[in-house]
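Letter by letter, the chains look like this.
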Amino acid sequence: MSPDNILLRLPEEEDAYVREVFDQLHARGLPKQYQTPHITITFAKHMEDCVVDRARELLPNLQPATFQRAGVVVFGTKSKQTIAWLLEVDPELEAAARELSALNPEGRGERWVPHLTVGLRIPRTLVPEYIGALDDVTSGHFKTITGQHAYLWQPRLEKLTDLS
């Protein structure tokens, strides 16, 4: 089961564009992507109330947040990998995300790598082809991504909670 996530969702038009990228990649024979485009702030098997409460205090004042696409990153060390757009954001949101991660007992301390996943569970052998196709289908004009609104997503409950 996927973990609980404190995340930022994209505005409708940017969400639709990312889903279009997913569809174009799939049309090229690459693995279909089903995830809702989002930027994770922190995640845990079960998100602690203290983290959610602090997110409610910090995040509303920092949204919408503008992220700059800074490249492509590959996560994972096994046969299936994750491909994402690496993002940069203003220092205030970065500090808030690091605070929430540090507060989260399952977090990674004060670390955060802002990214938007564009390829989940991609076989290692397909990673170069996937990145090449991603470059081909992504408009050079799509340089910024907006973290429009913060939520807590609890997949085990199928519950999306507004954090504003």
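Heads up: the structure comes first, above all this text.
All of these numbers come straight from a predicted model, not from anything done at the bench.

Draft legend 1. Quick look at helix 1 (residues 12–27). Compared with an ideal rise of 1.5 Å per residue, which puts 16 residues at 22 Å, helix 1 spans 22 Å between its outermost C-alpha atoms and is within 8% of the ideal. Among all positions of helix 1, only Glu14, Asp15, Tyr17, Val18, Val21, Phe22 and Leu25 are buried. Seen end-on, helix 1 carries its buried residues on one side only, within an arc spanning 160 degrees. In helix 1, those exposed residues whose orientation departs by more than 90 degrees from the buried face are Glu12, Glu13 and Ala27. On its buried side, helix 1 packs onto strand 4 (80–88), strand 5 (115–123), helix 4 (127–137) and strand 6 (144–147). Trailing helix 1 by a residue or two, Gly29 shows a phi angle of about 90 degrees, which is positive.

Draft legend 2. Representation of the packing of aromatic side chains in the model. Taken as a whole, this structure holds three aromatic pairs when the rule is applied. With centroids separated by 6.4 Å and ring planes inclined at 70 degrees, the aromatic side chains of Phe67 and Trp112 adopt a geometry described as edge-to-face. With Phe67 in strand 3 (residues 65–75) and Trp112 in the loop between helix 3 (91–103) and strand 5, this pair connects stretches of sequence that are 45 residues apart. Using a relative accessible area of 0% as the deciding quantity, one classes Phe67 as buried. With centroids separated by 5.7 Å and ring planes inclined at 55 degrees, the aromatic side chains of Trp85 and Phe142 adopt a geometry described as tilted. Of the two residues, Trp85 is situated in strand 4 and Phe142 in the loop between helix 4 and strand 6; the sequence distance between them amounts to 57 residues. The pair formed by Trp85 and Phe142 is uniform in burial state, with each residue classed as buried.

Conventions we followed
Residues numbered from 1 in each chain as written. Predicted model: local features only at pLDDT ≥ 70, side-chain atom pairs only at ≥ 80, totals over all residues. Heavy atoms only, no water. Helix = DSSP H or I, 4+ residues; strand = E, 2+ residues; numbered from the N terminus. Expected span 1.5 Å × (residues − 1). Buried < 20%, exposed > 50% of the residue type's maximum accessible area, 1.4 Å probe, protein only. Arc of directions from axis to C-beta. Contact = heavy atoms within 4.5 Å. Phe/Tyr/Trp six-rings, centres within 6.5 Å; stacked < 30°, edge-to-face > 60°.

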